[in-house]
Amino acid sequence: MGTRSTTRTRLEERVAKDRGRPRTSTVLWGGVQRLLAEASADRGSGELAVVDLGGGTGGLAVRVAGLGHRVVVVDPSPDALAALERRTVEAGLSDRVRSVQGDATELSGLLDPGSADVLLCHGVLEVVDDPVAALRAAHDTLRPGGRLSLLVAQWPASVLSRVLAGQLAQALHVLSDEGRRWSSHDPLRRRFDRASATALAEQAGFTVTAVEGTRTFSDLVPSASAESDDDRALLQQLESLAAAEEELLVLAAQLHLHATR
Ligand SMILES: C[S@@+](CC[C@H](N)C(=O)[O-])C[C@H]1O[C@@H](n2cnc3c(N)ncnc32)[C@H](O)[C@@H]1O
């Protein structure tokens, strides 16, 4: 009973804490919109063929479809795809979003090679068996000149957030672990930094054209400092300005790479 009430209290704290933070990074969404606009300009057409690899429940896919593009979400999870379907129906975008159940490495058998103008791969390389194979499959799905939007978790931010939370053993684990995991219970199999993410993209055949940091402060700010709408607006302003500062890139929880095939 004691344990259950403690657990509930911690959960409630967590929910309250999350409520004070921006749910989606406006910096990331701004970066995605820029990448889409550049791809549209290349194409000379407003409507793009977009693939969201490991798109999960489709939060990003629906926003992208809302801009007038056609999006195919490829994900191995039937539960995620069922949630995506509900989301697209609610948004009235069923004619613009298609879901395909499958693994990154099966892409060439699921979609026509060279058929996508833009491929989104957000939060996926951290969990797949073989990140190079996944990115190579992404590369082959894009048309020549097509664009990749790659979002990966960055490990230095993981060390910092754990130190600030007093989780020193986990911080030490990130520093000594090859995959930069905080323990064997870490849901991610690996984290990246600017050099390793860029090298991986290049190994798969991409040319990286920009690297932006997202969530530079959102995971570090104490809950009490992000509770009111005013606080949240300030935090978003901080995030936007920080994203433009090269020196702060290392602090970002996630790196957003723009790359071309
Ligand atoms: C952390 S979620 C990210 C979801 C979404 N892209 C986002 O940014 O919110 C990781 C997603 O990758 C999917 N995934 C896991 N293994 C995969 C694989 N081998 N190929 C493609 N997607 C995979 C999961 O089902 C999950 O939806």
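Residues take numbers from 1 onward in each chain, read along the sequence in its written order. Where totals are concerned, whole chains, interfaces and linings use all residues; where local detail is concerned, this predicted model gives features only for residues with pLDDT of at least 70, and gives and counts side-chain atom pairs only at 80 or more. Just so you know, side-chain values use all the structure's heavy atoms and leave hydrogens and water out.

Caption draft 1: Fine view of the sheet that holds strand 5 (residues 142-153). The pairing criterion is simple: DSSP has to find at least two bridges between the two strands. The secondary structure listing takes helices from DSSP runs of H or I that are at least 4 residues long and strands from runs of E that are at least 2 residues long, numbered from the N terminus. Taken in spatial order, the seven strands make up an open sheet running 3-2-1-4-5-7-6, and their pairing is mixed. The open sheet terminates on both sides in strands that have one partner only, identified here as strand 3 (97-101) and strand 6 (207-214). In this sheet, neighbouring strand axes are inclined to one another by 15° on average, regardless of whether the strands run parallel or antiparallel. Summarising the sheet, strand 1 (residues 49-53) and strand 2 (residues 70-75) pair through five bridges and their orientation is parallel. Across the sheet, the residue bridging to Val50 is Val71, located in strand 2. The contact definition used throughout considers only heavy atoms, calling two residues in contact when any of these lie within 4.5 Å. Note on method: axes are straight lines fitted to C-alpha atoms, helices fitted across the in-contact stretch only, with angles between N-to-C directions ranging 0 to 180 degrees. Its contacts with the sheet put helix 6 (residues 131-141) on strand 1, strand 4 (116-122) and strand 5, and the angle it makes with strand 5 is roughly 145°.

Caption draft 2: Inspection of the packing of aromatic side chains at higher detail. Centres within 6.5 Å are what make two rings of Phe, Tyr or Trp a pair, Trp counting through its six-membered ring; a difference in plane orientation under 30 degrees is then read as stacked, over 60 as edge-to-face, and the rest as tilted. Summed over all chains, the structure comprises zero aromatic pairs. Above the plane of the ring of Trp29 lies Arg63, whose end atom (NZ or CZ) is 4.3 Å from the centre. Ring-over charges, as used throughout, are those where CZ of Arg or NZ of Lys falls within 6 Å of the ring centre and within 35 degrees of the ring normal.

Caption draft 3: Local environment of the confidence of the model for the protein chain. Per-residue confidence from the predictor is reported as pLDDT, which spans 0 to 100. Mean pLDDT over the protein chain stands at 91; residues scoring 70 or higher make up 91%. Taken together, the stretch residues 1-23 has pLDDT below 50 and engages in 13 contacts with residues farther than four places along the chain or on a different chain.

Caption draft 4: Examining the packing of helix 6 against helix 9 (residues 194-203) more closely. It is at 8 Å that the axes of helix 6 and helix 9 come closest, and there the two elements cross at 55°. Classified by the interaxial angle, the pair formed by helix 6 and helix 9 is oblique. In this structure, helix 6 meets helix 9 at a crossing whose hand is right-handed. Residues Pro131, Val132, Leu135 and Arg136 of helix 6 lie in contact with helix 9, whose contacting residues are Leu200, Ala201 and Gln203. Its residues assigned to classes, the contact of helix 6 with helix 9 comprises five nonpolar, one polar and one charged. Throughout, the term roughly parallel applies to angles under 35 degrees, roughly antiparallel to angles over 145, roughly perpendicular to angles from 65 to 115, and oblique to all others. Crossing handedness follows the turn of the near helix against the far one: under a right angle anticlockwise gives a left-handed crossing, and clockwise gives a right-handed one. Each residue is assigned to one of three groups, with Ala, Val, Leu, Ile, Met, Phe, Trp, Tyr, Cys and Pro labelled nonpolar, Asp, Glu, Lys and Arg labelled charged, and all others, Gly among them, labelled polar.

Caption draft 5: Broad picture of unusual backbone geometry. With phi around 60°, Arg180 is a residue other than glycine that occupies positive phi space. With respect to the secondary-structure elements, Arg180 resides in the loop between helix 8 (168-176) and helix 9. Positioned with a positive phi, Arg215 is a non-glycine residue whose angle comes to about 55°.

Caption draft 6: Looking closely at the layout of surface pockets. In this structure, the second largest pocket encloses a volume near 260 Å³. Every residue lining the second largest pocket is counted, 16 residues in all, and those nearest its centre are Ala49, Arg70, Val72, Arg98 and Leu111. When residues of the lining of the second largest pocket are traced back to their parent elements, those giving at least two are strand 1, strand 2 and strand 3. Here the residues of the lining of the second largest pocket sort into nine nonpolar, two polar and five charged. Of the grid points, spaced at 1 Å and generated over the protein atoms alone, those admitting a 1.4 Å probe that cannot get out make up cavities, while open sets with protein on both sides within 12 Å along at least five of seven lines make up pockets; any residue with an atom within 4 Å of a point is treated as lining. Grid points are joined across faces, edges and corners, and a volume is the space filled by probe spheres set on the points.

Caption draft 7: Focus on helix 2 (residues 26-43). An expected span of 1.5 Å times one less than the residue number is assigned to each helix. Taking 1.5 Å per residue as the helical rise, helix 2 with its 18 residues ought to reach 26 Å, and the 25 Å between its terminal C-alpha atoms agrees with that figure. Looking at helix 2, one finds that the buried residues are Val27, Leu28, Trp29, Gly31, Val32, Leu35, Leu36, Ala39 and Ser40. Immediately downstream of helix 2, the backbone of Gly44 shows phi near 70°, a positive value. Under the scheme applied here, a residue whose accessible area is under 20% of the maximum for its type counts as buried, over 50% as exposed, and between as partly exposed, the area being computed with a 1.4 Å probe on protein chains only.

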